[in-house]
Amino acid sequence: MAKEDDDDGETERGSRKPNPIDAHVGMRVRLRRMLLGMSQEKLGEHLGLTFQQVQKYEKGVNRIGASRLFDLSRVLGVPVQFFYDEAPSDLIDEALTPGFAERPTETYVIEFLSTREGLELNKAFVKIADARVRRSVVELVRALGGEDPLG
């Protein structure tokens, strides 16, 4: 029986699909790097890595060890907890007491800001000084997305 369990674990580890929490942490690394306007190559230089290694971390293909996560937090100027923030609730340990560790169920905002378009749109939007113009932009985007702009 133990042999079967070992085989099952090996199959999971040998899989090319990233572990969901590794993918989330990688997405947060990418988000912070992009918010700083830093390239994968530059981040790699700071960490003594190639850009390909950084890319694998960001995709969750390679798991980030504790010391590397600490180095990333230092280079990117965020606490280690930043990489776990906004983790989907189904990834949070079931042992956590409800109410003390509640997390948003949707991470679409973080996923959006992790894209080049989302980051550029966000940077441009916050530069709009006139509140009425910002409101008009929101209504325009809602209309383009097929949503009722007034709802």
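Before any of the text, the structure's been laid out above.
Before going into details, it helps to say that this report is about the structure given with it. (Residues numbered from 1 in each chain as written. Predicted model: local features only at pLDDT ≥ 70, side-chain atom pairs only at ≥ 80, totals over all residues. Heavy atoms only, no water.)

Some remarks on the overall build of the protein chain
To keep things clear, this is the line we draw: Numbering goes from the N terminus for both helices and strands, where a helix is a DSSP run of H or I of at least four residues and a strand is a run of E of at least two. Think of it in three bands: residues with accessible area under 20% of the maximum for their type are buried, residues over 50% are exposed, and the middle band is partly exposed, with areas taken using a 1.4 Å probe on protein chains only. Accessible surface is estimated by sampling points in the Shrake-Rupley manner with a 1.4 Å probe; for residues, cover comes only from the protein chains shown.
Per the secondary structure count, the protein chain includes 8 helices and 0 strands. Helices (α) and strands (β) of the protein chain occur, in sequence order from the N terminus, as α-α-α-α-α-α-α-α. The buried share of the protein chain, reckoned over its 151 residues, is 25%. Carbon together with sulfur atoms contributes 53% to the accessible area of the protein chain, which is approximately 10,600 Å² in total.

Let's talk about the packing of helix H3 (residues 40–47) against helix H5 (residues 66–76)
The geometry of a pair of packed helices is captured by two quantities: the angle between their axes and the separation between those axes. Short version of the rule: Each axis is a line fitted through C-alpha atoms, and for a helix only the stretch in contact is used; angles between axes span 0 to 180 degrees, taken between their N-to-C directions. For any pair of crossing helices, the crossing counts as left-handed if the nearer helix is rotated counterclockwise from the farther one by less than a right angle, and right-handed if it is rotated clockwise. Note on contacts: a residue pair is in contact if any heavy atoms of the two residues lie within 4.5 Å. Each residue gets one of three labels, nonpolar for Ala, Val, Leu, Ile, Met, Phe, Trp, Tyr, Cys and Pro, charged for Asp, Glu, Lys and Arg, and polar for the others, Gly among them.
Taken N-terminus to C-terminus, the directions of H3 and H5 make an angle of 115°; their axes are 10 Å apart at the nearest point. Here H3 runs over H5; the crossing is right-handed. Every residue of H5 that contacts H3 at Leu43, His46 and Leu47 is listed here: Arg68, Asp71, Leu72, Val75 and Leu76. Taken together, the residues of the contact of H3 with H5 sort by class into 5 nonpolar, 1 polar and 2 charged.

A word on the side chain of glutamine 40
Mapped onto the secondary structure, glutamine 40 falls in helix H3. With residues up to four places along the chain from it excluded, the contact list for glutamine 40 reads Arg33, Phe51, Val54, Gln55 and Glu58.

Looking at the pattern of salt bridges
Note the threshold: By definition, a salt bridge exists where a carboxyl oxygen of Asp or Glu is found within 4 Å of a side-chain nitrogen of Lys or Arg.
For the structure shown, the criterion picks out 6 salt bridges. With a shortest N-O distance of 3.5 Å, glutamate 45 and lysine 42 are connected by a salt bridge. With glutamate 45 and lysine 42 both in helix H3 and 3 residues apart, this pair spans about one turn of that helix. The exposure class of glutamate 45 is exposed, given its relative accessible area of 53%. Counted as one network, the salt bridges with shared partners bring together Arg30, Arg33 and Glu58.

A short note on the environment of valine 25
Relative to the elements of secondary structure, valine 25 occurs in helix H2 (residues 20–35). On a C-alpha basis, the gap between valine 25 and glutamate 86 in space is 9.9 Å, while along the polypeptide they are 61 residues apart. Not counting the four nearest positions on each side in its chain, valine 25 is found in contact with Ile64, Leu69, Phe83 and Tyr84.

Considerations on helix H4 (residues 51–59)
Operational definition: An arc is given here, and it is the one of the directions from the helix axis to the C-beta atoms.
Val54, Tyr57 and Glu58 are the residues of H4 that are buried. Buried residues of H4, viewed axially, fall in a sector of 95°; they line one side. Contact partners of the buried residues in H4: H2, H3 and H5. With its phi angle positive at about 80°, glycine 60 sits one or two positions after the end of H4.

By themselves, these observations are geometric and do not establish any function.
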